[in-house]
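Next come the chains, spelled out residue by residue.
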There are 2 protein chains.
Amino acid sequence: MRVEDAAAVRDLTLFRSLGDEAFAQLMDAAYLQRFPPGVVLISENERADFLHVVVEGTVEMFATSHGRETTIELIRPVGLFLLAAVLKDQIYLQSARTLAKSQLLLIPAEKVRMAMERELPFMRAIVMELASDYRSTIRDLKSLKLRTSAERLANWLLRAEAEQGGSGQIELPCEKRTLAARLGMTPENLSRAFASLSAYGVQSKGSIVAISDLSRLSDFAAPDPLIDERDPS
Amino acid sequence: MRVEDAAAVRDLTLFRSLGDEAFAQLMDAAYLQRFPPGVVLISENERADFLHVVVEGTVEMFATSHGRETTIELIRPVGLFLLAAVLKDQIYLQSARTLAKSQLLLIPAEKVRMAMERELPFMRAIVMELASDYRSTIRDLKSLKLRTSAERLANWLLRAEAEQGGSGQIELPCEKRTLAARLGMTPENLSRAFASLSAYGVQSKGSIVAISDLSRLSDFAAPDPLIDERDPS
DNA sequence: TGACCCGATTGATAATTATCAATCAAAAGT
DNA sequence: ACTTTTGATTGATAATTATCAATCGGGTCA
């Protein structure tokens, strides 16, 4: 692992709560692995063996049922996934696949649970992490139930624009069909949603999206802090 | 509070983790209140002041955005809500209203956080509770994204039937329009979904639903353990 | 460079779901 | 018991979203 990546992992809210020694113990037990794009890392229904940390690349969390598939979330560096399943020692509800060449840190579930028992600040950080994840999922649920697909896309674009520096340009983090599934629609529908947003100054060319007039798009999107904003702190 | 209700609260997984003294301290600081039906207990966007425990009655968690409204969850005795917002000391993402004459225990947020700091088993129980809530919300999200409305209803019915004792009869826990919102559809659409399920042996009369042939309904519903089953333990 | 492949887009159509309006039925209050 | 109210149902229609098929276009690779 590159030094800066290791530092980024250490700097995760979750791991900042750990003392140096406890952190080192976790890392000693962990496996650093590289994967090409398109590798299924986890299949739902498997037992939770490892907490996963995305050090580099992109991981798609997805779920299937009776032949249908949807994207739940995208995990980018430095982010973790499968914490809830690891803690409850249960099967995964989601599958995971790499979307790009990726580097992952796999921490044995048992070690995570042991560290939690031994280090109170770590357990406290886990509480905060889980509460955040829960609230973030509730926001997703609200977006799905209260908005049309074009509105979901518009608000996703506004948030991505802000997170990517506010230049009015967005680089999509994945293929459009994955974004479509993430937002709860078909690829065709996403294409048409983009087309309809051109009336509000949205132009999409390949993986680059340009927003010419933020306030015009915002008027249409009607962003709601209780759906679109991340929790503070 | 009736003696048996008090015992039921004490018996919640979350509170079983507390010692008698710590539990008593929480209860001393808590308020027991009765509410008629239709009272809004919490409005989203308010600061999280109390952890709420439903001792009696029914509470609907709902969310609104720009004039639209949907139901997120129903809380029945003995259940709690708003834990994540309380722990993160953030605003609520959901509103809450009573659907029936209800009795609630309001525990000051600050006391909950203090108890968590002082009692390790309580914090551990909170971790498990949050992980469960998160996973349960992921299940909901999958159901919404992977199923049609009739399928969601069919699977909801199968689960309700099992939880209510497996008699083939279900008593709806709320008005149909609330169930409709819970399942992510309009009341009219729910009516039609019920009508279409009559082909699989579902008869609905008022708040009673009868399923004449579980396996036939199950064939249509295609229940998926990773969506419909509660976490074990 | 050119053939090929895969994802994106577009068009046509179908399925699903929502909306609006009009009863209908059942529960609540007088 | 009788209004009165409110929620449920049904019908007609519209909007939204999905599906299927065809084409387009950018990127890859020999």
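Residues numbered from 1 in each chain as written. Chains lettered and ligands numbered in written order. Predicted model: local features only at pLDDT ≥ 70, side-chain atom pairs only at ≥ 80, totals over all residues. Heavy atoms only, no water.

1. Here we look at the protein's contact with DNA strand D
Quick reminder of the rule: If even one non-hydrogen atom of a residue comes within 4 Å of a molecule or strand, that residue is called near it. Polar contact criterion, stated in full: a pair of N or O atoms within 3.5 Å, where within protein one must be able to donate a hydrogen and the other to accept it, and residues adjacent in sequence count only if both atoms are side-chain atoms. Going along the chain from the N terminus, every DSSP run of H or I of four or more residues is numbered as a helix, and every run of E of two or more is numbered as a strand. Side-chain classes are defined by residue name, with Ala, Val, Leu, Ile, Met, Phe, Trp, Tyr, Cys and Pro counting as nonpolar, Asp, Glu, Lys and Arg as charged, and the others, Gly among them, as polar.
Not every one of the 14 residues close to DNA strand D is listed here, only the nearest: Ser149 of chain A together with Lys176, Arg177, Ser191 and Arg192 of chain B. Those atoms of DNA strand D that come within 4 Å of the protein belong to sugar or phosphate at a rate of 63%. Within the contact set of DNA strand D, a base oxygen lies 3.4 Å away from a side-chain nitrogen or oxygen of Arg192 of chain A. For the surface near DNA strand D, the elements supplying multiple residues, two or more each, are helix 9 (187-197) of chain A together with helix 8 (176-182) and helix 9 (187-197) of chain B. Considering only residue class, the surface near DNA strand D consists of one nonpolar, six polar and seven charged.

2. Looking at the domain arrangement of chain A
All names here are of chain A. For clarity, the threshold we go by: As annotated, the domain borders come from an automatic or database domain assignment. Contacts between residues were defined by any pair of non-hydrogen atoms, one from each residue, lying within 4.5 Å. Throughout, buried area stands for the accessible area (probe radius 1.4 Å) lost by two parts on being put together, summed over both. Salt-bridge detection follows one rule: a side-chain nitrogen of Lys or Arg within 4 Å of a carboxyl oxygen of Asp or Glu.
Per the domain assignment, the segments making up chain A are domain 1 (3-144) and domain 2 (148-228). A separation of 27 Å is found between the C-alpha centroids of domain 1 and domain 2. Taken together, the contact between domain 1 and domain 2 spans 14 residues of the former and 12 residues of the latter. The contact between domain 1 and domain 2 buries some 1,100 Å² in all, and 55% of this surface belongs to carbon and sulfur atoms. Residue Arg182 is joined to Asp140 by a salt bridge in which the shortest nitrogen-to-oxygen separation is 2.4 Å. For the pair domain 1 and domain 2, the number of links is five residue pairs in polar contact (both at pLDDT 80 or more). At the level of secondary structure, the elements contributing two or more residues to the side of domain 1 that touches domain 2 comprise strand 5 (68-75) and helix 6 (120-146). Class assignment of the residues belonging to the side of domain 1 that touches domain 2 gives a composition of four nonpolar, four polar and six charged.

3. Some details on the sheet that holds strand 10 (residues 202-205) of chain A
Two strands in a sheet stick together by hydrogen bonds in their backbones, pointing the same way (parallel) or opposite ways (antiparallel). Residues and elements named next belong to chain A. The criterion, for reference: Any two strands with at least two DSSP-identified bridges between them are counted as paired. Comment: axis = line fitted to C-alpha atoms, over the contacting stretch for helices; angle = value between 0 and 180 degrees taken between N-to-C directions.
The strand order across the open sheet formed by three strands is 9-11-10, and the pairing between neighbours is antiparallel. A single partner strand is all that each edge strand has here, and the edge strands are strand 9 (169-171) and strand 10. Between one strand and the next, the sheet's axes are offset by a mean angle of 20°, whatever the strand orientation.

4. Description of the pattern of salt bridges
As a reminder of what qualifies: Working definition: with a 1.4 Å probe on protein chains only, accessible area under 20% of the residue-type maximum means buried, over 50% means exposed, and in between means partly exposed.
A complete count under the given rule lists 42 salt bridges over all chains for this structure. Here Glu110 of chain A ties to Arg113 of chain A by a salt bridge, and the two come within 3.3 Å at their closest N and O atoms. Remark: Arg113 of chain A and Glu110 of chain A occur in helix 5 (residues 109-118); sequence separation between them is three residues, near one turn of the helix. Salt-bridge contacts for Glu151 of chain A lead to Arg68 of chain B; the nearest nitrogen and oxygen are separated by 2.7 Å. In this pair, Glu151 of chain A sits in helix 7 (residues 149-163) while Arg68 of chain B sits in strand 5 (residues 68-75), so the two residues belong to two different chains. The exposure class assigned to Glu151 of chain A is buried, which follows from its relative accessible area of 12%. Here the salt bridges do not stand alone but share partners, grouping Arg47, Asp89, Glu110 and Arg113 of chain A into one network.

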